[in-house]
Amino acid sequence: MEAIDARARELGIDLDSVDVDSITLPPGEDFDILSDDEDLLQNEDIPELEMGFSNIIVVDNLPVVPPEKYEKLENVVRKIYSQIGVIKEGGLWMPTHPETKKTYGYCFIEYNTPQEAELAREKTNGYKLDKSHIFAVNMFDDFEKYMKVPDEWAPAEIKPYTPGENLLKWLTDDKARDQFVIRAGTFTEVYWNDARRAMPELVYQKQYWTDSYIQWSPLGTHLATVHRQGAQVWGGDDKFVRLMRFAHPQVKLIDFSPGEKYLITYSSQEPSNPRDTHRVVLNIFDVRTGKVMRDFKGSADDFTTGGNMGVSGVSWPIFRWGGGRDDKYFARLGKNVISVYETDTFSLIDKKSLKVENVVDFSWSPSDPIISLFVPELGGGNQPARVSLVQIPGKEEIRQKNLFSVSDCKMYWQNNGEYLAVQVDRYTKTKKSIYTGFELFRIKERDIPIEVFELENKNDKIIAFAWEPKGHRFAVIHGDGPKPDISFYTMKAVNNNVSRVSKLTTLKGKQANALFWSPAGRFIVLAGLKGFNGQLEFFNVDDLETMATGEHFMATDIMWDPTGRFLATAVTSVHEMENGFQIWSFNGKLIYKISKDHFYQFQWRPRPPSLLTPEKEEDISKNLKRYSKKYEQEDLDVSNQVGEQERKRRTQLQEEWQGWVAKWKQLHEEERSYRMELRGGEESDKEEEAEYKEIEAEELVDVTEEIVAFDLDQE
């Protein structure tokens, strides 16, 4: 760093004025700065990847032709393979016999990129030129790789067992605290949320830990980082150690399966031909072993159907996991199909996709292998839209609802899989306006009954909808004005109401456009983001009362901790000002706030499901007062400890001040003789030895009187 400072001074550069985070290196240039993976390559003996001929394919089983037919065969081969990618100049070579001049029946084709070569192998291996010539296509690199396989088998070396890292140690914190990770500037930091001390406690910090972003696994076991060379997962007892690396060059997105068994990585590359779309590569890794279980490759057009838009126009996540946390099934949306795979073989169930004409969206039940799918109207309304529930793996339709005059449809699953809400936007009879209603499916009840639900004013615009986690209530923000209303409903009958869906209350004129239920239910935060500048209202749905209101100006993100005890609000680098985060209690008390420049991410560490039975949790809830005495005493002890620490801090500051004053008094005394010498031997330090003289001075004041005469007769 000293050398950098010296060089900057030579060049006249003020390093303090340089925004390091805004600097990007040229593609392929790292200026000798080692990343995590490059540092690993210096210290570990890992297999060397052969990349020299990865853009060359070998096409076998071509016709053997004499010299007069050579050019014709070459043109046929070139026409086939130039449709897939750009063949380099002189990149098609078909060797011939030196004496007969006939071809050998194979050729070599060199593309501009390895991706084009790989695509050519996939598309043309098994291509039937005629009855006698079926292409066999291989990568040129494969020949050398297989030639290195030894002729004699040797047993693998058995290494002694070494115990692994305790990946659940963080769950045993004696203070029952939760962790969170933040990314700000070039640093990634993991903290304990120590609400008793009203401050975070640093667990681990690392600079340049990731090249783009970080992500916890769904159960909190791993922390994933993303690099140019691929992804990595970290975890352990007291510090984060590297558990596994997943090689995938230029990876852009990652996604864990719900049970953390698998990791999906995604990358895309610019095509060499401007008329083509991006080349997409997806790998599914086993998280524990790092083995690639299945890969998917193709153009971006093959992966753009449905989902939220990610990079290069591709929807993300491309694959959606279903069937609970056993990671047994995953699926993706295609044209007129839903392709459902099973992880036992990583192949399509029954070796074929589920055909659904014009399907535009689907989602999994969070708890069961059930897919809900939506098909819009067809034939100008002659064929109605429909929502269907399909059981996997049998692909049996267990429930269906036809819908008419549909403009749009959204599906919301309750996190226990007990209810499904289908928000349906419909055209009025004149088709000049749209109104909204809901179809509510009771999944766990016999025959899956469906209830039609509409707001009191069905023309109200629906701004947000959210189910209560682990509960039977839902909230809706609706209205067309600048301050919409918020209504709460329950799926259970209230006061012998005929309708099983009952309204609880409506809050009028709220500055809110987003709903955030506590993971434990009961409490909800009504948030006003974007145009409402971070307005917060903490609401108790059991008592139907507001507990507190607050504001985090310019807030961009709101996140409950996994226990529902604390709420984090953050302002990320989307805004240039006010970057940082704040921690609130569940009832709206601001506990502490932290400012961080260039603040990019905040994520609570998820927790796995509780090991307690529902009966045990209910027993604890009933006897909470008995348990609370213990924790109240602990809170008092912590408060006293914090008070004692504050007293010690102030005493230390006072002692430091007194020491500083004493030091300067001593220096002042040591220089006394020197001061007297400067004053000709006179002592001037003591105030009583100073001489005072009083001087009287007379001052002449020039006064000019102005006499004004008045004419008394003119009064």
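Just so we're clear, the structure is a prediction, and the values are computed from it rather than from any experiment.

### As for the overall build of the chain
Point 1. Helix and strand content of the chain: eight helices and 45 strands.
Point 2. Out of the 715 residues in the chain, the part that is buried amounts to 39%.
Point 3. Restricting the contact set of the chain to residue pairs at least 6 apart, pairs at least 24 apart contribute 46%.

### Overview of the nonpolar core
Nonpolar side chains in soluble globular proteins tend to end up buried together.
Point 1. Counting residues in each nonpolar core, the largest one holds 29 residues, and the members touching the most others are Ile254, Leu282, Phe296, Phe319 and Phe330.
Point 2. At the level of elements, strand E11 (223-226), strand E12 (230-235), strand E14 (253-256), strand E15 (262-269) and strand E16 (279-286) are the ones that each hand at least two residues to this core.
Point 3. With residues near it in sequence (within four places) discarded, Phe330 still touches Ile284, Phe296, Phe319, Arg320, Trp321, Ser339, Val340, Tyr341, Thr343, Phe346 and Trp364.
Point 4. Leu73, Ile109, Tyr111 and Phe135 belong to the second-largest nonpolar core, a separate cluster that totals 21 residues.

### A few points about the sheet that holds E14
Point 1. Pairing in this open sheet of four strands is antiparallel, and the strands run E14-E15-E16-E17 from one edge to the other. At either margin of the open sheet sits one strand with a lone partner, and together these are E14 and strand E17 (292-299). On average, each strand axis in the sheet is inclined to that of its neighbour by 15°, with strand direction left out of account.
Point 2. Bridge count for E16 against E17 is seven bridges, and the pairing is antiparallel. Following the sheet pairing, Leu282 is matched in E17 by Phe296.
Point 3. Each of E15, E16 and E17 touches helix H4 (residues 114-124); the most contacted strand, E16, lies at about 80° to it.

### Side note on the side chain of Lys395
Point 1. Position of Lys395 among the secondary structure elements: in the loop between strand E27 (385-391) and strand E28 (396-403).
Point 2. Summary of buried charges: Lys395 has no salt-bridge partner, and the nearest side chain of opposite charge, Asp350, is 4.4 Å away.
Point 3. At a separation of 2.7 Å, a polar atom in the side chain of Lys395 contacts the main-chain carbonyl oxygen of Lys352.
Point 4. Residues within four places of Lys395 in sequence aside, it is in contact with Ile349, Asp350, Lys352, Ser353, Leu354 and Val390.

### Brief notes about unusual backbone geometry
Point 1. The linkage connecting Ile392 with the following residue, Pro393, adopts the cis geometry, with an omega of 15°.
Point 2. Summarising the element assignment, Pro393 is placed in the loop between E27 and E28.
Point 3. Residue Ala176 is not a glycine yet carries a positive backbone phi of 55°.
Point 4. Inspection of the secondary structure assignment puts Ala176 in the loop between helix H5 (140-147) and strand E7 (179-184).
Point 5. Its relative accessible area of 42% is what places Ala176 among the partly exposed residues.
Point 6. Although it is not a glycine, Asn533 sits at a positive phi angle of roughly 60°.
Point 7. If you trace the backbone, Asn533 turns up in the loop between strand E38 (523-528) and strand E39 (535-540).

### What to know about the pattern of salt bridges
Point 1. Summed over all chains, the structure comprises 30 salt bridges.
Point 2. Asp408 serves as the salt-bridge partner of Lys410, at 3.6 Å between the closest nitrogen and oxygen.
Point 3. For Asp408, a relative accessible area of 34% gives the class partly exposed.
Point 4. Salt bridges here are not isolated pairs; linked through shared partners, they connect Asp173, Arg177, Asp194, Arg197 and Glu201.

### A short note on the sheet that holds strand E29 (residues 406-413)
Point 1. Spatial strand order, E29-E30-E31-E32: four strands in an open sheet with antiparallel pairing. A single partner strand is all that each edge strand has here, and the edge strands are E29 and strand E32 (450-453). Geometrically, the sheet is characterised by an average inter-axis angle of 20° between neighbouring strands, direction not taken into account.

### Thoughts on the pairing of E28
For a regular strand, side-chain orientation follows a simple rule: the groups alternate between the two sheet faces.
Point 1. Where E27 meets E28, seven bridges bridge the pair, whose relative direction is antiparallel. What sits directly across from Arg386, in E28, is Asn402.
Point 2. Between E27 and E28, which pair antiparallel and follow one another directly, the connecting turn spans four residues, one of which, Lys395, has a positive phi of 60°.

### So, a nonpolar patch on the surface
Point 1. On the surface, Trp657, Trp660, Trp664 and Leu667 cluster together into a nonpolar patch covering about 460 Å² of accessible area.
Point 2. Tracing the backbone shows Trp660 in helix H7 (residues 624-670).

### Comments concerning the side chain of Arg279
Point 1. Take Arg279: it is sitting in strand E16.
Point 2. Using a relative accessible area of 10% as the deciding quantity, one classes Arg279 as buried.
Point 3. The contact partners of Arg279, leaving out residues within four places of it in the chain, are Gln115, Glu118, Leu119, Glu122, Ser267, Ser268, Gln269, Lys297, Gly298 and Ser299.

### What to know about the packing of aromatic side chains
Point 1. What the rule picks out here adds up to 47 aromatic pairs.
Point 2. Taken together, a centroid distance of 5.9 Å and an interplanar angle of 65° make the contact between Phe108 and Phe140 edge-to-face. Taken together, the residues Phe108 in strand E3 (residues 106-111) and Phe140 in helix H5 connect sequence positions 32 residues apart.
Point 3. For the pair Phe465 and Trp467, a centre-to-centre distance of 5.7 Å together with 85° between the ring planes defines the contact as edge-to-face. In terms of burial, Phe465 and Trp467 fall into one category: buried.
Point 4. Site record: aromatic cluster; members linked through ring pairs are Tyr412, Tyr419, Phe438, Phe453, Phe465, Trp467, Phe474 and Tyr489.
Point 5. A cation sits over an aromatic face here: Arg320 above Phe362, 4.4 Å from the ring centre.

### Structural notes on the confidence of the model for the chain
Point 1. For the chain, per-residue confidence averages 85 on the pLDDT scale, and 85% of positions sit at 70 or higher.
Point 2. Predicted confidence for residues 24-34 stays below pLDDT 50, and this span has eight contacts to residues more than four positions away or in other chains.
Point 3. Ignoring residues within four places in sequence, the model shows residues 37-51, a span with pLDDT below 50, making 19 contacts including any to other chains.

### Some thoughts on helix H3 (residues 70-82)
Point 1. Between the first and last C-alpha of H3 there are 18 Å, a value that for 13 residues agrees with the 18 Å anticipated at 1.5 Å per step.
Point 2. The complete set of buried residues in H3 reads Leu73, Glu74, Val77, Ile80 and Tyr81. The buried residues of H3 occupy one face: seen down the axis, they fall within an arc of 130°. For H3, the exposed residues set more than 90 degrees away from the buried face come down to Glu71, Lys72 and Lys79.
Point 3. Those residues of H3 hidden inside the fold are in contact with strand E1 (56-60), strand E2 (87-93), E3, H4, strand E4 (128-130) and strand E6 (136-139).

### Topic: the pairing of strand E21 (residues 329-334)
Point 1. Most of E21 sits inside the fold, with six of its six residues counted as buried.
Point 2. Here E21 shows two buried faces, one formed by Tyr329, Ala331 and Leu333 and the other by Phe330, Arg332 and Gly334.
Point 3. Two strands pair when backbone bridges link them, and strand E20 (residues 320-322) and E21 are joined in this way by three bridges, in the antiparallel orientation. When the sheet's bridge partners are listed, Trp321 is paired in E21 with Phe330.

### Brief notes about the environment of Val452
Point 1. With respect to the helices, strands and loops of the structure, Val452 is situated in strand E32.
Point 2. Residue Val452 is classed as exposed on the basis of its relative accessible area, which comes to 58%.
Point 3. Each C-alpha atom of the pair Val452 and Leu440 lies 6.4 Å from the other, and the pair is 12 residues apart in sequence.

### Section: the environment of Pro482
Point 1. Tracing the backbone shows Pro482 in the loop between strand E34 (473-478) and strand E35 (485-490).
Point 2. Of the residues examined, Pro482 reaches a relative accessible area of 71% and is grouped as exposed.

### Some words on the environment of Val541
Point 1. Relative to the assigned elements, Val541 resides in the loop between E39 and strand E40 (545-551).
Point 2. Along the chain, Val541 and Glu468 lie 73 residues apart, while their C-alpha atoms are 9.9 Å from each other.
Point 3. Each residue touching Val541, except ones within four places of it in the same chain, is listed here: Arg473, Phe488, Leu504, Trp517, Arg522 and Ile524.

What counts and how
- Residues numbered from 1 in each chain as written.
- Predicted model: local features only at pLDDT ≥ 70, side-chain atom pairs only at ≥ 80, totals over all residues.
- Heavy atoms only, no water.
- Helix = DSSP H or I, 4+ residues; strand = E, 2+ residues; numbered from the N terminus.
- Buried < 20%, exposed > 50% of the residue type's maximum accessible area, 1.4 Å probe, protein only.
- Contact = heavy atoms within 4.5 Å.
- Core = buried A, V, L, I, M, F, W, Y, C linked by side-chain atoms within 4.5 Å.
- Pairing = 2+ DSSP bridges.
- Axes fitted to C-alpha atoms, helices over the stretch in contact; angles between N-to-C directions.
- Lys, Arg positive; Asp, Glu negative; His and termini not counted.
- Salt bridge = Lys/Arg side-chain N within 4 Å of Asp/Glu carboxyl O.
- Polar contact = N/O pair within 3.5 Å; in protein donor to acceptor, adjacent residues only side chain to side chain.
- Patch = residues over 30% accessible without salt bridge, like charges linked within 9 Å, V, L, I, M, F, W, Y side chains within 5 Å.
- Areas by Shrake-Rupley, 256 points an atom, 1.4 Å probe, with all protein chains shown as cover.
- Phe/Tyr/Trp six-rings, centres within 6.5 Å; stacked < 30°, edge-to-face > 60°.
- Lys NZ or Arg CZ within 6 Å of the ring centre and 35° of its normal.
- pLDDT = per-residue confidence, 0-100.
- Expected span 1.5 Å × (residues − 1).
- Arc of directions from axis to C-beta.

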